[in-house]
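Structure assessment
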Amino acid sequence: MHRRPGIRCQHYRLGGRQKMNTAIGSDSTALDLRVSIGSLVMQNPVGVASGTFGYGEEYRELVSIDRLGALYTKAVTLEPREGNPPPRLVETPMGLINSIGLANPGIERFLTEKLPLLKQHRCAIVVNIAGSTEDDYVQVVERIEACAGPGQVPGSGVDAYEINVSCPNVHRGGMSFGTDPALVERLTRRLRNATRRPLIVKLSPNVTDITEIARAAETGGADALSCINTVVGMVIDTERMRPAIARGTGGLSGPAIRPIGVAAVWKVSRAVAIPVIGLGGISTAEDALQYLLAGAVAIQVGTALFQNPSAPLEILDGIAAWMQRHSVARLDDIRHMME
Amino acid sequence: MRQFSAVISVNNPAAPDWMHLAFEWPNQTEDPPMDQPKPGQFFTVLPPFVETTAGALLRRPLAFAGFTSDGSVKHAHALYQIRGPMTRALSLMKPGMSLDVIGPLGTCFPLPHADSRAVIAGGGIGTGPVLFLAEFLQKQGFDTTLALGFRSESRIPLRGTYESARLPIWNSLIRKAVIATDDGSAGIRGTIIDALMHLQQSSDISRWHLYACGPAPMLAALGKFAEQAAIPAHFSAEQWMACGVGACHGCVISTKTNSYLRVCTDGPVFDASIIDWEADRR
């Protein structure tokens, strides 16, 4: 098993923000917050969700990125994409609808401009991949493998892939893959053959039975699942008599979708043997613990960052406080604790 | 850019629907010292009453309208309108309370050439940042003219009885400004363009550098005006914003070359000639 340099065996001590390099059990207040995703060990369960944190540059002055469990990058596609016309956002009670359209600089500029900066972080880097065709996804992964080296090279800037088959805001690819179990299985299998790095498939809630898609990804060789992407939603401006965002519908995120995400994780984690990463409307430690109790091994924070960039680390502190209060030493035990 | 808890020093009604907010700027002894806000830049706030704000979620971006010193304490100022639950929650805050602020964010207005005349146009929500710019350029010794457009006299902030003890410069700037109102209740009857046409009669337009901040239709009209007059122009744009720091790509506006720029980090101040100011109105 590979471990990142300098993060041999990290434990979390409440009260201080320092990490300790000690053996488990040597200190009664030491908590084991580590999470295993395939061959990758994340130092704690709290990640920042794809699309909300760029490639780590923008929030550098506001967030201690090295304290995160994982940074899930904005989606990378084969070609550069301008994204959808504005307006791209509308706020709705306890939620946000976006239609960004996977705006990104494309794989080549990702490799030359973004990857060198991602290498500087000590948290796990999960590169989110999107495409219009199966070949697009495969080519992006092959380009990264060629540049970052095969397998998990320490400090390569790429510790795992998150496969976006659930973006609701593009015409081709995205969610049109993620709603068809046969396509998900075939795409996952092709990517499995292209990399030894952990593969995380990000699922859409916009399906009749999310467990069917989850099982297809597992059969295709996924190491883990991210649950859930945004929920298709729409707001209409009744004065102008047109949709509030230019593309009509978009993806709803924020506290409004948290119960949908918790239910999806609860169902999916009982349908597959691979780990599930929960996301959707997590703003507080209590929200994160709902996901962990529902069966998630880790969580991602997205829209809450926009309200408070400190939210991920406050959530991490809150999870640790809860574990202390409930005498839970290992984070991985939480998912088995619900009655 | 930094996230900090700011102590509110002023939060007063400055006209119907207008509020004047000021808060203490963090201590400059920090290492490295924090950048001071420049005209055109903005900050985002999260009022603490989120549970009473009817499900509002996002921080609100507000433009800086001034930066003053009160002995050793510095204050950042803004003018805002109560538009929805978040700004209503902000309007209920009292001096002494602490406010969650991230800033300074975005680009600032560039200086004009030394022999240029800075013609600064603003109106509605754009009033605060143009007051800051006018004050800043005047202090630097530039030939500066302020033109403001409003729907009617009652909508003009800082013109009635409200005098800011901390910023008397605002009142004098507004008194001296060329004003246009849609209904003719103050100044010239018409729009900001009519105010500029009026100014043009007594001024060599080829020396102008046009600056603007205001509602989208105003910027669209001013964009055309600057293009026809072939003068340099820099406008501050507004768009719905989520992260405010460039990460989410939610706040883009359209350029004339069919690409998109982020208002929060590529802007909010743009060279007016590259932006398609009409795009959002089609």
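Residues numbered from 1 in each chain as written. Chains lettered and ligands numbered in written order. Predicted model: local features only at pLDDT ≥ 70, side-chain atom pairs only at ≥ 80, totals over all residues.

**Structural notes on the confidence of the model for chain A**
Residue and element names in this part refer to chain A. Residues at a pLDDT of 70 or more form 90% of chain A, whose mean pLDDT is 90. Across residues 1-11, confidence stays below pLDDT 50; counting only partners more than four residues off in sequence or on other chains, it has 26 contacts. Contacts of residues 13-28 to residues separated by more than four positions or lying in other chains number 21 contacts, the stretch itself having pLDDT below 50. (pLDDT = per-residue confidence, 0-100. Contact = placed C-beta atoms within 7 Å.)

**Some points on the nonpolar core**
Ile200, Leu225 and Ile277 of chain A together with Leu222 of chain B are the most contacted members of the largest nonpolar core, which has 198 residues in total. The greatest single-element share of this core, amounting to 7 residues, is contributed by helix H2 (residues 127-139) of chain B. If near-sequence neighbours (up to four positions away) are discounted, Leu225 of chain A is found in contact with Ile200, Val201, Leu203, Ala214, Ala217, Val268, Val272, Ile274, Val276 and Ile277 of chain A. (Core = buried A, V, L, I, M, F, W, Y, C linked by C-beta atoms within 7 Å. Buried ≥ 20, exposed ≤ 12 C-beta atoms within 10 Å, placed from the backbone. Helix = DSSP H or I, 4+ residues; strand = E, 2+ residues; numbered from the N terminus.)

**Examining unusual backbone geometry**
The step from Cys227 of chain A to Ile228 of chain A runs through a cis peptide bond, and the omega angle for that step is 20°. One can find Ile228 of chain A in the loop between strand E13 (224-227) and strand E14 (231-233). Of the consecutive residues Gly103 of chain B and Pro104 of chain B, the connecting peptide bond is found in the cis state with omega at -10°. Unusually for a residue other than glycine, Ser327 of chain A sits at a positive phi of about 55°. Relative to the assigned elements, Ser327 of chain A resides in the segment after helix H9 (311-325).

**A word on the sheet that holds strand E12 (residues 208-213) of chain B**
All names here are of chain B. The 7 strands lie next to each other as E11-E10-E9-E8-E12-E13-E16, forming an open sheet whose pairing is mixed. At either end of the open sheet lies a strand with only one pairing partner, and these are strand E11 (188-189) and strand E16 (269-271). Taken together, the 7 bridges between strand E8 (residues 117-123) and strand E9 (residues 143-150) define a ladder with parallel strand orientation. Within E9, the residue paired with Ile120 across the bridge is Leu146. Taken strand by strand, helix H4 (residues 192-200) contacts E8, E9, strand E10 (178-181) and E11, and its axis lies near 145° from that of E9. (Pairing = 2+ DSSP bridges. Axes fitted to C-alpha atoms, helices over the stretch in contact; angles between N-to-C directions.)

**As for the interface of chain A and chain B**
Many descriptions give the size of an interface as the accessible area lost when the pieces come together. The partner chain B presents 27 residues to the 31 residues of chain A that form the contact. Contributions of two or more residues to the side of chain A that touches chain B are made by strand E8 (89-92), strand E9 (95-98) and helix H8 (304-307) of chain A. Looking at the side of chain A that touches chain B, its residues break down into 16 nonpolar, 10 polar and 5 charged. (Nonpolar A, V, L, I, M, F, W, Y, C, P; charged D, E, K, R; others polar.)

**Overview of the sheet that holds E8 of chain A**
Residues and elements named next belong to chain A. If you walk across this open sheet you meet the 4 strands as E8-E9-E17-E14, and the pairing is antiparallel. Since the sheet does not close on itself, it has two edges, and those belong to E8 and E14, each with one partner. Here the average twist between neighbouring strands, direction ignored, is 35°. Bridging between E8 and E9 involves 4 bridges; their strand directions are antiparallel. Bridging from a neighbouring strand, Leu89 pairs with Asn98 of E9.

**Describing the packing of helix H4 (residues 181-194) of chain A against helix H5 (residues 210-220) of chain A**
All names here are of chain A. As a packed pair, H4 and H5 sit with axes 7 Å apart at the nearest point and diverge in direction by 25°. Relative to H5, the element H4 lies roughly parallel. The element H4 and its partner H5 pack so that their crossing is right-handed. Residues Pro181, Val184, Glu185, Arg186, Thr188, Arg189 and Arg192 of H4 touch H5, and the partners they reach there are Glu212, Ile213, Ala216, Ala217, Thr219 and Gly220. Residue composition of the contact of H4 with H5, by class: 5 nonpolar, 3 polar and 5 charged. (Parallel < 35°, antiparallel > 145°, perpendicular 65-115°, else oblique. Left-handed = near helix turned anticlockwise from the far one by under 90°.)

**A closer look at the domain arrangement of chain B**
Residue and element names in this part refer to chain B. Parsing chain B into structural domains produces domain 1 (2-105) and domain 2 (117-236). Computed from C-alpha coordinates alone, the two centres of domain 1 and domain 2 are separated by 24 Å. In this assembly, 20 residues from domain 1 lie in contact with 19 residues from domain 2. Elements that contribute at least two residues to the side of domain 1 that touches domain 2 include exactly strand E1 (2-15), strand E2 (18-24), strand E5 (66-70) and strand E6 (73-81). Of the residues in the side of domain 1 that touches domain 2, the class split is 12 nonpolar, 7 polar and 1 charged. (Domains from an automatic or database assignment.)

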